[in-house]
Amino acid sequence: MAEKRDYYEVLGLQKGASADDIKGAYRKAALKWHPDRWVDGTDAEKKTAEEKFKEASEAYSVLSDPDKKAKYDQFGFAGVDGAGAQDWSQGFGNLNDILNNLFGGAFGGFSGFGGFGRGAQQQTPRGKNIRTHVRLTLEEIARGCTKDVTLERNRPCPECGGRGTKNASDVKTCPTCKGNGYVQQVANSLFGRTMVQNVCPQCGGEGKVVSNPCRSCGGTGLVRRKETISVQIPAGVQNGMQITVRGEGHSAPHNGVNGDLLIVIDEIEHPELKREEENVFYTKVISVADAILGCEISVPTLDGRQTIKLEAGTQSGMVIRQRGKGLPSVNGYGRGDMFIKVIVWIPRKLDRKTREMLEAAKASDRGFEPDPNRDDRALFEKESKYF
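These lines cover the structure that appears in this document, whether it is placed above or below. (Residues numbered from 1 in each chain as written. Predicted model: local features only at pLDDT ≥ 70, side-chain atom pairs only at ≥ 80, totals over all residues. Heavy atoms only, no water.)

1. Considering the nonpolar core
Within soluble globular proteins, side chains that are nonpolar generally end up buried alongside one another. Counting residues in each nonpolar core, the largest one holds 38 residues, and the members touching the most others are I233, V237 and I263. It is strand β15 (residues 338–345) that contributes the most residues to this core, 4 residues altogether. Apart from residues no more than four positions distant in its own chain, V237 is found in contact with L136, I141, I243, I265, R275 and V330. The next biggest cluster of nonpolar side chains, apart from the first, holds 22 residues, and it includes V10, W33, Y60 and Y72. (Core = buried A, V, L, I, M, F, W, Y, C linked by side-chain atoms within 4.5 Å. Buried < 20%, exposed > 50% of the residue type's maximum accessible area, 1.4 Å probe, protein only. Helix = DSSP H or I, 4+ residues; strand = E, 2+ residues; numbered from the N terminus. Contact = heavy atoms within 4.5 Å.)

Right, here's the structure in full:
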């Protein structure tokens, strides 16, 4: 499965883009990739257009919503889990209707496709993302924590200040693209003659070239450094979840925009507790005598060990539910529960004295005959689904 792309990257934006920038970027993407425009294309082109349109629509649905956008900016995909997903089973809708509904009919339908494309502007260089893993215990996940992460990343060269050369006069306008960062080409399509723009092969979209490169960085403006940063991990994260830390990835050439740091959560298996989403489970084995007479048991929890009293006549398979003692939701919506299942251990072999005692007790009354009352059955039937 292809890696999910950053929503800002999908729309060609930088973090901090305004609502108008987001709306305008989505308008361009919708015009370019809506499947209505690719009805006469090849199967590969149709599939690409469909995927690109879905991707752009998902990005817009999150970034256009102030609350979702704030969570995404802080926690990345973990903060908006499933929030951008849409149901495409009924098709994509008419593109003209989509644009009119979103933008108030300001673009007059399909009549103006000729010449549509990205504006000729210099591309801001962006550093690459860094992906790393952080191992967390279940207790750390329950509380949230701060972790120190050590990594090697590109940083601006101290000798040239990240310019790629010590003399500012050695930074020249790219002769190929004339400083635009793009080269243009006219192409014929179903919708007429269209101006297609590609990244300049000489300057890589920066619009500038260095004539006398810095010896320390070779003109890239970057040097490799080993650094340690503190990362705040929100409570309730799950194994495999990815947290995006904006701007903590590799620096971009010539003082561009930093990439992001992608933190992948590796949950350390708890020696006693089992986790299922926000709920935690524990199984306690007790003796027949403890089940008959009642006892106190020590149970591990996310807040330390806890003592629980079991009443006399505890049945094997009984489940104790402690509400709110599980894990918090990473999105801040409530907290899970803890379930404690009690199992009565039946010995396979008995010594002679114990066997005689049990046989005498069995013969004297019906205390050992199974006769669960209505409350016992209802409790077991209700709670057994959790195990």
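2. Considerations on the sheet that holds strand β1 (residues 130–136)
Overall, mixed pairing links the 3 strands, which are arranged β1-β9-β8 in an open sheet. The outermost strands of the open sheet, each flanked by one partner alone, are β1 and β8 (242–245). When the angles between neighbouring strand axes are averaged without regard to direction, this sheet yields 30 degrees. (Pairing = 2+ DSSP bridges. Axes fitted to C-alpha atoms, helices over the stretch in contact; angles between N-to-C directions.)

3. Side note on the sheet that holds β15
Strand order in this open sheet of 4 strands is β10-β11-β15-β14, and the pairing throughout is mixed. Since the sheet does not close on itself, it has two edges, and those belong to β10 (274–276) and β14 (319–322), each with one partner. Sheet twist, expressed as the mean angle between neighbouring strand axes with direction ignored, is 25 degrees. Alignment of β10 against strand β11 (residues 279–287), held across 3 bridges, turns out to be antiparallel. By the bridge assignment, K274 is partnered in β11 with F281.

4. Describing the packing of aromatic side chains
Enumeration according to the criterion identifies 4 aromatic pairs in this entry. Between Y7 and Y72, the ring centres sit 4.8 Å apart and the planes meet at 40 degrees, which makes this aromatic pair tilted. Within this pair, whereas Y7 is found in helix α1 (residues 7–10), its partner Y72 is found in helix α4 (residues 66–75), the two being separated by 65 residues in sequence. Take Y7 and Y72: they sit in the same class, and that class is buried. Aromatic side chains F281 and F339 sit 5.2 Å apart centroid to centroid with 15 degrees between the ring planes, which places their arrangement in the stacked category. Pair noted here: F281 is in strand β11 and F339 is in strand β15, with a separation of 58 residues, a long-range link. Take F281: its relative accessible area is 10%, and that puts it in the buried class. Chaining the aromatic ring pairs together yields one cluster made of Y7, Y8 and Y72. (Phe/Tyr/Trp six-rings, centres within 6.5 Å; stacked < 30°, edge-to-face > 60°.)

5. Examining the packing of helix α2 (residues 19–33) against helix α3 (residues 43–63)
Following both chains from N to C, one finds α2 and α3 inclined at 165 degrees, their axes separated by 9 Å at the closest point. Judged by the angle between their axes, α2 and α3 are roughly antiparallel. Every pair of crossing elements has a handedness; the one defined by α2 and α3 is left-handed. Of the residues in α3, those in contact with I22, K23, Y26, A29, A30 and W33 of α2 are T48, A49, K52, F53, A56, S57, Y60 and L63. The residue makeup of the contact of α2 with α3, split by class, is 10 nonpolar, 2 polar and 2 charged. (Parallel < 35°, antiparallel > 145°, perpendicular 65-115°, else oblique. Left-handed = near helix turned anticlockwise from the far one by under 90°. Nonpolar A, V, L, I, M, F, W, Y, C, P; charged D, E, K, R; others polar.)

6. Quick word on the packing of α3 against α4
The geometry of α3 relative to α4 is characterised by a closest axis approach of 6 Å and an angle of 100 degrees between their N-to-C directions. Relative to α4, α3 is oriented roughly perpendicular. On α4, the residues touching S61, V62 and L63 of α3 are K68, K69 and Y72. By residue class, the composition of the contact of α3 with α4 is 3 nonpolar, 1 polar and 2 charged.

7. A few points about the pattern of salt bridges
All chains considered together, the criterion is met by 18 salt bridges. Between D6 and R246 there is a salt bridge; the shortest N-O distance is 2.5 Å. Within this pair, whereas D6 is found in the segment before α1, its partner R246 is found in the loop between β8 and β9 (261–267), the two being separated by 240 residues in sequence. One exposure class covers both D6 and R246, and it is buried. (Salt bridge = Lys/Arg side-chain N within 4 Å of Asp/Glu carboxyl O.)

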